[in-house]
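What follows is each chain in one-letter form.
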Amino acid sequence: MKRSASVAIALAAIATLAGCSTGEPTYAQVRHETIAALTTIVDLIPDPRDVDTGEEQDPYGCSDALLVSQGTGWFYTGHWTAEVPPTFDVAAFIDALPTTLGDGWKQEDLGIDVNFAAVDLVQESTGVSIAVEDHSVDARRVIDVLAISRCGILSDHDRSPTPIASKSPSPARYKH
């Protein structure tokens, strides 16, 4: 249920973005913006924490038939998780995020009711859309962070047979 809610939230968030068009930033730039936004969120989680930055995904086309907003270019998706101690109040952390982040971030109401702590945010300067959710199960406390960039244009260099993930550094898995 939680995974399907995440997918629904992600697709709804993409639909709220301004749309993709030629002349937009490069894919490398929107990837960098998205990783920076993910880092901003995860860095707010106090130690100890065990952050998994996940595997680099191939770019997704902005003209995907599942998207409400059609356009050209590619968007980046980052999916990180942070495991925290069993005593950490994940719901309180998520509920406080809009206030903690302050100016430059706005909370989005995607109209999807879920039975766990969740908040949908947009970083106003970059258009990065982030869903932060409590994915705790039993004693394992997990904060799930899914971020989606605005659309960016892949250069001819990025279209080469070498995957983008191997050309530019990805944040390493880290434990604090």
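Residues numbered from 1 in each chain as written. Predicted model: local features only at pLDDT ≥ 70, side-chain atom pairs only at ≥ 80, totals over all residues. Heavy atoms only, no water.

## Here we look at the overall build of the protein
Regarding its fold elements, the protein presents 4 helices and 8 strands. Long-range pairs, those at least 24 residues apart, make up 70% of the contacts in the protein between residues at least 6 apart in sequence. Taken as a whole, the protein presents about 9,100 Å² of accessible surface, with 53% of it coming from carbon and sulfur. (Helix = DSSP H or I, 4+ residues; strand = E, 2+ residues; numbered from the N terminus. Contact = heavy atoms within 4.5 Å. Areas by Shrake-Rupley, 256 points an atom, 1.4 Å probe, with all protein chains shown as cover.)

## Some details on unusual backbone geometry
For residues besides glycine, phi is generally negative; the peptide bonds are generally trans as well. Between D47 and the following residue, P48, the backbone shows a cis peptide bond with an omega angle of 0°. Along the chain, the position of P48 falls in the loop between helix 2 (27-43) and strand 1 (50-52). Phi at D138 takes a positive value of approximately 55°, unusual for a residue other than glycine. With respect to the helices and strands, the residue D138 is situated in the loop between strand 6 (129-134) and strand 7 (141-152). Under the relative-accessibility criterion, D138 is labelled exposed at 75%. (Buried < 20%, exposed > 50% of the residue type's maximum accessible area, 1.4 Å probe, protein only.)

## Regarding the state of the cysteines
Linking two cysteines covalently via their sulfur atoms produces the bond known as a disulfide. This model, assessed by the stated rule, comprises 1 disulfide. The disulfide partner of C62 is C151, and the S-S distance across this bridge is 1.9 Å. In this structure, the disulfide formed by C62 and C151 twists by about -120° around the S-S bond and is classed as left-handed. Here C62, found in the loop between strand 2 (60-61) and strand 3 (74-84), pairs with C151, found in strand 7; they are 89 residues apart in sequence, far enough to count as distant. In terms of burial, C62 and C151 fall into one category: buried. (Disulfide = S-S within 2.5 Å.)

## Considerations on the environment of F116
Among the secondary structure elements, F116 is positioned in the loop between strand 4 (105-108) and strand 5 (118-123). According to the relative accessible area criterion, F116 is buried, its value standing at 13%. Counting along the chain gives 20 residues from F116 to S136, while the straight-line C-alpha distance between them is 9.2 Å.

## As for the side chain of H135
Mapping H135 onto the fold places it in the loop between strand 6 and strand 7. In terms of polar contacts, H135 uses its side chain to reach the side chain of E133, at 2.6 Å. (Polar contact = N/O pair within 3.5 Å; in protein donor to acceptor, adjacent residues only side chain to side chain.)

## Section: helix 3 (residues 90-101)
In a regular helix each residue adds 1.5 Å, so 12 residues correspond to 16 Å; helix 3 covers 16 Å between its end C-alpha atoms and thus fits that length. Taken as a whole, helix 3 has its buried residues at V90, F93, I94, L97 and L101. Take helix 3 and look down its axis: the buried residues cluster within an arc of 95°, on one side only. Exposed residues lying more than 90 degrees from the buried face of helix 3 are D95 and T99. Against helix 2, strand 3, strand 4, strand 5, strand 6 and strand 7 lie the buried residues of helix 3. Measuring from the backbone nitrogen of A91 back to the side-chain oxygen at the start of helix 3 gives 3.4 Å, which picks out D89 as the cap. Positive backbone phi, at 70°, marks G102, one or two positions downstream of helix 3. (Expected span 1.5 Å × (residues − 1). Arc of directions from axis to C-beta.)

## A word on the confidence of the model for the protein
Summary statistics for the protein give a mean pLDDT of 80 and a share of 73% for residues scoring 70 or more. Of all helices and strands in the protein, the one with the weakest mean pLDDT is helix 4 (residues 164-167) (43), whereas helix 3 scores best (97). Counted against residues more than four places away or in other chains, residues 7-22, with its pLDDT under 50, gives 35 contacts. (pLDDT = per-residue confidence, 0-100.)

## Focus: the pattern of salt bridges
All chains considered together, the criterion is met by 7 salt bridges. A salt bridge links D47 to R49; the shortest N-O distance between them is 3.7 Å. According to the relative accessible area criterion, D47 is exposed, its value standing at 53%. In this structure, E83 engages R140 in a salt bridge whose closest nitrogen and oxygen atoms are separated by 3.1 Å. Linking E83 in strand 3 with R140 in the loop between strand 6 and strand 7, this pair joins segments that are 57 residues apart in sequence. For E83, a relative accessible area of 30% translates into the label partly exposed. According to the relative accessible area criterion, R140 is partly exposed, its value standing at 48%. Salt bridges sharing partners connect three or more residues here, namely D43, D47 and R49. (Salt bridge = Lys/Arg side-chain N within 4 Å of Asp/Glu carboxyl O.)

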